[in-house]
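What follows is the residue order along each chain.
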Amino acid sequence: MTCPVIELAQQLIKHPSVSPDDQGCQDILIQRLRHTGFTIERMPFGDTLNFWAYHGTGTTFAFAGHTDVVPAGDTSKWQTPPFDPVIRDGMLYGRGAADMKGSLAAMVVAAERFVEANPDHPGRLAFLITSDEEASATNGTVKVVETLMSRHERLDYCLVGEPSSHQRLGDIIKNGRRGSLTASLTIHGIQGHVAYPQLADNPIHHSLPFLQELVNIQWDNGNEFFPATSMQIANIQAGTGSNNVIPGKLWVQFNFRFSTELTDTEIRQRVEDMLKKHNLKYDIDWWLSGQPFLTCKGELVDAVVDSIEQCCGYKPEISTSGGTSDGRFIAKMGAQVVELGPINATIHKVNEGISVSDLQKLSLIYQRIMEQLIK
Ligand SMILES: [Zn+2]
């Protein structure tokens, strides 16, 4: 007997929806939800398809997710073609199996079962789906959230299906994420001949003490919910390629993942004060890609923890580690936001896969969460 969750996941994987090209995935989900009685509102922005769907009225619980996937990479390294879903040794393989077409299938089937069992349920069950989470994330969830907020839509609880689990299904859930801030810094000097350094000004030499100080800073110690803020240099470039030229400039890019102990303004200020202290001639551009957000203990965290315990027999760890997700935009609506999805060991890699039994269990956990919150 085939299982509806696995069948739907396979159907979605067959569509090569490399970000932000949805390739018909949302049509499949929309058709299923419409058949279940959901009202569908498509919200395309630019190159990105999105939709908002709802069933019922009142206190709102929404599932959030994305139909886009990252590119397959080197297809010769895949045991089976990335967009040809195959079950092998209890695992479903294909690009997006774990991030996050499996979760989408689990959500939709869970919602179908819930509505069938509770056709006149109180409250509102909703879906917020985008096709641009993996790439620029400019025309996806952020725009849908702006639209919903401009008309004062209600969103109380949101479950994001990102692959949060580490070693076994549901061992980790995310109740927030650190902020992400990137600096692109150019240090200016004067180009010249290495044999005549008095006629030049070497930006590499001037930058080193500053960079050393930057690397050694302990920004904070984190707090009960967040790990300590970290800074990593991601790119550094200088030099003409020639061994007898002092370069005219150095370019360096570094990224902060910051806790709620600091604000992006405080980080910027401290870095720019240091640049001045070191007497550097510089230009700096800052890019804030996400503020930190946190959902403290509450009905949603309780319902998720309880559902995992009932379906898996163990309690999840509640964490804010890892990268950013669309949860950062949804939290702006004032909703409690939690991420729960499959094991993330293979996401974005070749031979991405998800355990078939985990995927079936994930759908049951999602259903149990709805049963606790929509009542
Ligand atoms: Zn994802």
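Just so you know, these numbers come straight off a predicted model, no measurement behind them. (Residues numbered from 1 in each chain as written. Predicted model: local features only at pLDDT ≥ 70, side-chain atom pairs only at ≥ 80, totals over all residues. Heavy atoms only, no water.)

## Re the UniProt feature "binding site: Zn(2+) 2" (unreviewed entry) in the protein
- Under the local residue numbering, the UniProt record ascribes the feature "binding site: Zn(2+) 2" (unreviewed entry) to D99, E134 and H348. These annotated residues cover 250 residues of sequence, but their C-alpha atoms sit close together, with the largest distance between any two at 9.9 Å.
- Along the chain, D99 falls in helix α3 (residues 97–117).
- On the basis of relative accessible area, D99 is assigned to the buried category, the value being 4%.
- Excluding residues within four positions of it along the chain, D99 makes contact with H66, D68, V69, E134, E162, P163, I347, H348 and E352.
- A polar side-chain atom of D99 sits 3.1 Å from a polar atom in the side chain of H66.
- Locating E134 in the fold gives a position in the loop between β6 (124–130) and α4 (141–150).
- Judged by relative accessible area, E134 falls into the buried class, the value being 18%.
- Once you skip the residues sitting within four places of it in the chain, E134 turns out to touch S19, H66, D68, V69, V70, D99 and H348. (UniProt positions renumbered as here; feature names shortened; annotations may be inferred. Helix = DSSP H or I, 4+ residues; strand = E, 2+ residues; numbered from the N terminus. Buried < 20%, exposed > 50% of the residue type's maximum accessible area, 1.4 Å probe, protein only. Contact = heavy atoms within 4.5 Å. Polar contact = N/O pair within 3.5 Å; in protein donor to acceptor, adjacent residues only side chain to side chain.)

## Examining the domain arrangement of the protein
- Here the protein is described as being made up of domain 1 (4–177 + 293–374) and domain 2 (179–290).
- In this structure, domain 1 and domain 2 have C-alpha centres spaced 37 Å apart.
- Counting residues at the interface gives nine residues for domain 1 and eight residues for domain 2.
- At the boundary of domain 1 with domain 2, total buried surface from both sides reaches about 650 Å², with 65% on carbon and sulfur atoms.
- Looking only at domain 1, the three residues that lose the most surface to domain 2 are L294, T320 and T324, adding up to 49% of its buried area.
- Looking at the side of domain 1 that touches domain 2, its residues break down into three nonpolar, four polar and two charged. (Domains from an automatic or database assignment. Buried area = accessible area lost by both parts, 1.4 Å probe. Nonpolar A, V, L, I, M, F, W, Y, C, P; charged D, E, K, R; others polar.)

## Some remarks on helix α6 (residues 264–277)
- Between its terminal C-alpha atoms α6 stretches 20 Å, which fits the 20 Å expected from 14 residues at 1.5 Å a residue.
- Taken residue by residue, α6 has D264, I267, V271, M274 and L275 as its buried positions. Looking straight down α6, one finds that the buried residues subtend no more than 105° of arc, so they occupy a single side. In α6, the exposed residues that point more than 90 degrees away from the buried face are T265, K276 and K277. (Expected span 1.5 Å × (residues − 1). Arc of directions from axis to C-beta.)

## Describing the sheet that holds strand β12 (residues 230–238)
- Spatially, the four strands line up as an open sheet ordered β12-β14-β10-β15, and their pairing is antiparallel. One side of each edge strand has no neighbouring strand; the edge strands of this open sheet are β12 and β15 (281–290). Neighbouring strand axes in the sheet, compared pairwise and without regard to direction, differ in orientation by 15° on average. (Pairing = 2+ DSSP bridges. Axes fitted to C-alpha atoms, helices over the stretch in contact; angles between N-to-C directions.)

## A look at the coordination of the zinc ion
- On the protein side, the zinc ion has H66 (NE2), D99 (OD), E162 (OE) and E162 (OE) as donor atoms, found 1.9 to 2.8 Å from it.
- Relative to the metal, the four donor atoms surrounding the zinc ion lie at angles of 50 to 146°, and the coordination shape comes out irregular.
- Taken in sequence order, the residues that donate to the zinc ion follow the motif H-x32-D-x62-E. Pair noted here: H66 is in strand β3 (residues 60–66) and D99 is in helix α3, with a separation of 33 residues, a long-range link.
- Accessibility expressed as a relative area gives 0% for H66, which makes it buried. (Donors = N, O, S within 2.8 Å, 3.2 Å for Na, K, Ca; no water. Tetrahedral: all angles 85-135°; square planar, octahedral: opposite > 155°, others 65-115°.)

## What about the pairing of strand β7 (residues 157–160)?
- Alternating positions in β7 separate into two faces, Y157 and L159 on one and C158 and V160 on the other, with burial throughout.
- Pairing of β3 with β7, which is carried by four bridges, proceeds in the parallel orientation. Bridging from a neighbouring strand, A62 pairs with C158 of β7.
- Both β7 and strand β18 (residues 336–339) contribute to a ladder of four bridges, which runs parallel. Bridging from a neighbouring strand, V160 pairs with E339 of β18.

## What to know about the UniProt feature "domain: Peptidase M20 dimerisation" (unreviewed entry) in the protein
- Taking the UniProt record as the reference, the feature "domain: Peptidase M20 dimerisation" (unreviewed entry) is found at residues 175–282.
- Across residues 175–282, the secondary structure splits into 26% helix and 34% strand, with the terminal C-alpha atoms separated by 38 Å.

## Topic: the packing of helix α2 (residues 25–35) against α3
- Closest axis-to-axis distance for the α2/α3 pair is 10 Å, and the angle between their directions is 15°. In terms of their interaxial angle, α2 and α3 are classed as roughly parallel. As for how α2 packs across α3, the hand of that crossing is right-handed. Counting all contacts with α2, which are made through C25, L29, R32 and L33, the residues of α3 involved are K101, L104, V108, V109 and E112.
- Each residue belonging to the contact of α2 with α3 can be placed in one class, and the counts come to six nonpolar, no polar and three charged. (Parallel < 35°, antiparallel > 145°, perpendicular 65-115°, else oblique. Left-handed = near helix turned anticlockwise from the far one by under 90°.)

## Some thoughts on the pattern of salt bridges
- Per the counting criterion, the structure on display carries 13 salt bridges.
- Put simply, D27 and R42 hold a salt bridge, and the shortest N to O gap is 3.1 Å. You can see D27 sitting in helix α2 and its partner R42 sitting in strand β1 (residues 39–42), a full 15 residues away along the chain.
- Overall, the relative accessible area of 46% leaves R42 in the partly exposed class. (Salt bridge = Lys/Arg side-chain N within 4 Å of Asp/Glu carboxyl O.)

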